[in-house]
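Chains, contacts and geometry: an overview
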Amino acid sequence: MIQDLMEKIVDILGNTYYGDVRSEKIYSTGVGKNKSEESISTGSSCGLCVRVISDNKWYYLGFDTINEEKILDEIQKLVERVEKKKSSIWLQDPWELDKEIFVKEDPEKISVEERMSTIREIFNQTMANKKIVNADVGMANAKRETIFMNTEGSKLRQVLPSFKFAISVTSKEGKKLEGDYFVLAKQGGYELFRQINMEKEIDDVVKSAIAMLDAKQIQGGRYDIIVDPEISGVIAHESFGHGLEADQVMRDRSYLTQLKGKKIISDLVSIHDNSTLAGEKGTFFFDNEGIRSRDNLLVDRGILKQFMHDRQSCMLMQSEPTGNARAQDFSRKVFVRMTNTYISPGDWTLKELIEDTKSGYYLIKNLTGMEDPLGGNMQMSTHRAMGIKNGELTGLFKGVGISGKVLEFLNNVDAVTNDFDIRGGGCGKGHEDYVSVSSGGPHMRVRDAVIG
Amino acid sequence: MKEEIISQTKKFAKDYDIYLQSTEVNEIQLEKNRVNFVSKTFESGYGIRVLKGGLGFSASNVKSDEAIKQTILNAIKSAEMTEKVKFEFPRQEKYPEVEAIDKKIKNKGDEAVRDYVEQLLNEIPKDVLLSFGKVRTYDNSTNVINSEGLDVRGEDTSFMVELSLIVNKNGVRMEFWPHEYRRRIQDLPMSEIDKWVRIAHDQTIAKEPKTEKTTVVFSPSTLLDGLGTVIGSHATGAAKVNDVTRVSIGEKIASEKLTIISDGLYPYGLMTSEFDDEGIPQKRIPIVDSGVFKEFVYDQFYALKDNTKSTGNGLRQSDVFYLFDGKYGVEPANQLSNFYVKPGDVSYEDLIEDISHSILVEQFSWLNPDPVTGNFSSEIRAGYYIKNGEISEPIKGGLVIGNVFDMIKKIDAISDKSVITSGGNVLAGVCPYISFKDVQVAGK
């Protein structure tokens, strides 16, 4: 039992100021098809991460081979080397938890034959139009077990299931190539797949990819824009949220450092980071430092309420822990990371919002986004846009980038709709350390935004 | 572990290949000019492909007999359940000699990381804040074995530096945030740090560029992200077979100044190795020669599908989140090796001197063009105006908007030196500076 080894490790770590050990086990299956290839792949992995803090410096050891003698020997050597030196770190009473999220329908109980046959059927439907030259259709499921113990005496275990289904299509006409995609990524099982209105989703991506072949280019400049829930979410996460990760504040690298308690953006905008949101990709019971998950209200009607923390930053910034310490896997450092980040809905309907807009663009679907924690600048690219003239949607345009300062952008929000959608995906800190997150929100209208 | 996996695989499968990888990773991280994290990680695992009608795949890092057996059975089942393919595993060939190891990293990565960090802390000027830093080495061994008797071993090293350098001038705080990979430590000399510090200083007085159509000069790493993402996507056998490429052999697609090679042998290139991840020798494959599209690159699967031979381009690398350890967990895919752009005939200094008005982009926030369409719209994170042949005011913000296929037809000049570089979207390149005419900039 891995728990027996972990208890022995914690005994050795008892000679440090603080130490913890985390075991991870992941099992995953993917089924996919494109024009040339069918694939069914399975993967399993395990790993053990041991952390010790001494004199405010973290020491990590990572193992993927469970050789008890070697592991205990390496840890003993590390503990003797780093000694027991005081560090500024949040310490709390021990707690215990053993919780698994059970899915309604386990994908592993559906034969791979059946899953492959379903994927083939969807692929064939997607390829029915002659202008669609290729499609990638796939589903994947994974289960991740984390066991955590530390020198406080906490003993925690959680098992989190995830499911993803995606279609991406490529349309072609002469030399012109375009595309579109549909993705569903959440915590759960095969029941999520059954809930998809497949006919509609296939029809939507196929029609959109073909229509994009005739989409026009927007002339770059400043315009009033409406962004969809997916783009709202990425703004909340990528452009705004990374500056609220408290490790960036400790590095003197956040544009938000001095702004806690101040009104920084439109009072129509409230932003949460909520790791307790049922069924979403960024949801868990405890983070990678053994801190309980919670709903953190980051911005309340335009006022900056709090940063997101790990055990070190909350002590140094005299705050409570927020449960945002996360690592990609056993081999990587734990950083302050977001979970499920979203903007709260408002009062408008989308119809009212479009009717109320004299001139501008409605931006649809996000492609990429990159953070700028120090500068607070935006870098996002979107899939497509619709023109708006006198309250009506007009022609189709190719995707555009969004640029400018995120605080100015969010301050220029003058209407927020009452709908809400959230999408699962992954997030890096820069170009590394991938963790599961989701982001979302309502539609928002932003005046005088820089796009191009 | 190797013998156990081979003997178990032989028991259950007739046609197979096994990819074994083990990696030692050493890392130090810094926060505000102080070490705050030291780490050593050992990782090893195996990926197994089985041909039984279809081609199946399964991978694991769990070394118990039971886990190995289950991984093999999963690969067999996946082969049986997927459609029948025309495929055979390659035979052993003669392999080229390549240079991919830094002796400073091999077997002593922890020392190498410590030494570099010490040097780095000495080098950074007092008025620059090293907000955070990551220095990491990978010491890697791979072994590809298959049922055709192929058994090849390779070793390589890699080195990563990511820094946030912050300068405060008259209350304006600006950052330069490089994130670079190399095979050898010496390929990221301390002179690079000086350059990064200078750019950070310049950013404190940077202005947003104005909206105009103008000549834009791309630095080696931005060129890699721009051209590498799009050309890389269209130049594979997979793109040809799946009809998602817009190029064909013999077609003039770019200015005659442009020559691109997928170079798997470039000394100390980040994708350089004797053999690809299927055990086939890597090569130098001309992609674009004087503006004309020359060849598609192939892995074994797409080569056989297209009735040709693999060019040694079955590689286990991903975009954005690069793989150094853990490659065994993914199947080889058809992709370019080192993206080599042939140098031009003017020095960098002359290239600048010949420009009356232009923008030089040293770094985008993230240049990530749509690989299918070639469209992009990216924010300038660090750049300069070039005026009357000289580097002039620093600029920041605003968007550069364009299409890679259109841009490569309008090349003004290519500098005469191509350097090893890494991008934020494409890992491995050897690229020069290139100036492109008539590019749209959206700013003030």
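Residues numbered from 1 in each chain as written. Chains lettered and ligands numbered in written order. Predicted model: local features only at pLDDT ≥ 70, side-chain atom pairs only at ≥ 80, totals over all residues.

**With respect to the overall build of chain A**
Convention followed: The helix count covers DSSP runs of H or I at least four residues long, the strand count covers runs of E at least two residues long, and both are numbered beginning at the N terminus. C-alpha atoms define the radius of gyration in this analysis, and the globule rule sets the expected value at 2.2 Å times the number of residues to the power 0.38. The exposure label follows from counting other C-beta atoms within 10 Å of a residue's C-beta, where the C-beta atoms are placed from the backbone and the thresholds are 20 or more for buried and 12 or fewer for exposed, leaving partly exposed in between. A pair of residues counts as a contact when their C-beta atoms, built from backbone coordinates, are within 7 Å of each other.
Scanning chain A from terminus to terminus reveals 10 helices and 22 strands. Relative to the compact-globule value of 22 Å for 452 residues, chain A shows a C-alpha radius of gyration of 24 Å, a close match. Principal-axis analysis of the C-alpha atoms places the extent of chain A at approximately 70 × 55 × 35 Å. By the burial criterion, 56% of the 452 residues in chain A qualify as buried. The contacts in chain A between residues at least 6 apart in sequence include a share of 74% that link residues at least 24 apart.

**Quick word on the domain arrangement of chain B**
Residue and element names in this part refer to chain B. Going by this rule: Where each domain begins and ends is defined by an automated method or by a domain database.
According to the domain assignment, chain B contains domain 1 (2-203) and domain 2 (206-444). Using only C-alpha atoms to locate each centre, domain 1 and domain 2 end up separated by 22 Å. Opposite the 42 residues of domain 1 that make contact, domain 2 presents 34 residues. Mapped by element, the contributors of at least two residues to the side of domain 1 that touches domain 2 are strand S1 (15-31), strand S2 (34-52), strand S3 (54-60), strand S4 (128-146), strand S5 (151-169), strand S7 (179-182) and helix H4 (190-203).

**Re the sheet that holds strand S14 (residues 338-341) of chain B**
All names here are of chain B. Using the following cut-off: Pairing between strands is defined by DSSP: at least two bridges between the two strands are required. Every angle, taken between N-to-C directions, lies between 0 and 180 degrees, and every axis is a line fitted to C-alpha atoms, over only the stretch in contact when it is a helix.
The strand order across the open sheet built from six strands is S11-S10-S9-S14-S21-S20, with neighbouring strands paired in mixed fashion. Looking at strand neighbours, the two that pair on one side only are strand S11 (292-293) and strand S20 (419-421), the edges of this open sheet. Of the pairings in the sheet, the one linking strand S9 (residues 260-263) to S14 comprises four bridges and is antiparallel in character. For Ile261, the partnering residue across the bridge sits in S14 and is Tyr340. The strands touched by helix H5 (residues 220-234) are S9, strand S10 (284-289), S14, S20 and strand S21 (429-431); relative to S21, the strand with the most contacts, the crossing angle is about 120°.

**A few points about the packing of helix H1 (residues 2-12) of chain B against helix H2 (residues 65-81) of chain B**
Residue and element names in this part refer to chain B. Our working definition: The cut-offs work like this: below 35 degrees is roughly parallel, past 145 is roughly antiparallel, 65 to 115 is roughly perpendicular, and the gaps in between are oblique. Each crossing is labelled by how the near helix is turned from the far one, with a counterclockwise turn of less than a right angle marking it left-handed and a clockwise turn marking it right-handed. Note that Gly is not counted as nonpolar here; it falls among the polar residues with everything else outside the nonpolar set of Ala, Val, Leu, Ile, Met, Phe, Trp, Tyr, Cys and Pro and the charged set of Asp, Glu, Lys and Arg.
Two elements in contact, H1 and H2, have axes separated by 10 Å at closest approach and are oriented at 40°. On the basis of the axis angle, H1 is oblique to H2. In this structure, the crossing between H1 and H2 has a hand that is right-handed. Between H1 and H2, the residues in contact are Glu4, Ile5, Gln8, Thr9 and Phe12 and Asp65, Ile68, Lys69, Ile72, Leu73 and Ile76, respectively. In terms of residue class, the contact of H1 with H2 is built from six nonpolar, two polar and three charged.

**Things to note about the domain arrangement of chain A**
Residues and elements named next belong to chain A. By domain assignment, chain A separates into domain 1 (2-214) and domain 2 (221-451). Placing a centre on the C-alpha atoms of domain 1 and another on those of domain 2 gives a separation of 22 Å. The interface is formed by 28 residues belonging to domain 1 together with 27 residues belonging to domain 2. Among the elements of the structure, strand S1 (18-33), strand S2 (38-54), strand S3 (57-63), strand S4 (96-100), strand S5 (132-150), strand S6 (155-173) and strand S7 (176-187) are those that each provide at least two residues to the side of domain 1 that touches domain 2. When residues in the side of domain 1 that touches domain 2 are grouped by element, the largest group, five residues, is from S7. Among the residues making up the side of domain 1 that touches domain 2, the classes are represented as 13 nonpolar, nine polar and six charged.

**Some words on helix H5 (residues 198-211) of chain A**
Residues and elements named next belong to chain A. Going by this rule: For a helix, the expected span equals 1.5 Å multiplied by the residue count minus one. For this quantity, the arc is that covered by the directions from the helix axis to the C-beta atoms.
Its 14 residues place the ends of H5 20 Å apart at the C-alpha level, agreeing with the 20 Å of an ideal helix rising 1.5 Å per residue. Along H5, the positions that sit buried rather than exposed are Ile202, Val205, Val206, Ser208 and Ala209. The buried residues of H5 occupy an angular sector of 165° when the element is viewed end-on, so they sit on one face. For H5, the exposed residues set more than 90 degrees away from the buried face come down to Glu199 and Lys200.

**Examining unusual backbone geometry**
The phi dihedral of Glu83(A) is positive, around 60°, even though this residue is not glycine. Relative to the helices and strands, Glu83(A) resides in the loop between helix H2 (68-82) and S4. According to the C-beta neighbour criterion, Glu83(A) is exposed, with 12 such atoms within 10 Å. Unusually for a residue other than glycine, Asp438(B) sits at a positive phi of about 55°. Tracing the chain through its elements places Asp438(B) in strand S22 (residues 434-442). Given 14 C-beta atoms within a 10 Å radius, Asp438(B) is considered partly exposed.

**Some thoughts on the interface of chain B and chain A**
The interface is formed by 66 residues belonging to chain B together with 58 residues belonging to chain A. Sort the elements by how many residues they give to the side of chain B that touches chain A and S2(B) lands first, with 10 residues. In terms of residue class, the side of chain B that touches chain A is made up of 22 nonpolar, 29 polar and 15 charged. Summarising the sheet, S3(A) and S2(B) pair through six bridges and their orientation is parallel.

**A look at the confidence of the model for chain B**
Going by this rule: The score called pLDDT rates the predictor's confidence residue by residue, from a low of 0 to a high of 100.
For chain B, per-residue confidence averages 96 on the pLDDT scale, and residues scoring 70 or more make up 100% of the total. Across the whole predicted complex the pTM is 0.95, and at the interface the ipTM reaches 0.93.

**Structural notes on the sheet that holds strand S10 (residues 295-300) of chain A**
Residue and element names in this part refer to chain A. Here we have six strands laid out as an open sheet, ordered S11-S10-S9-S14-S21-S20, and mixed in their pairing. At either margin of the open sheet sits one strand with a lone partner, and together these are strand S11 (303-304) and strand S20 (421-429). Here strand S9 (residues 271-274) runs beside S10; their pairing, made up of four bridges, is antiparallel. Within S10, the residue paired with His272 across the bridge is Leu297. Running at roughly 135° to strand S21 (residues 432-441), helix H6 (residues 229-240) makes contact with S9, strand S14 (340-343), S20 and S21 of the sheet.

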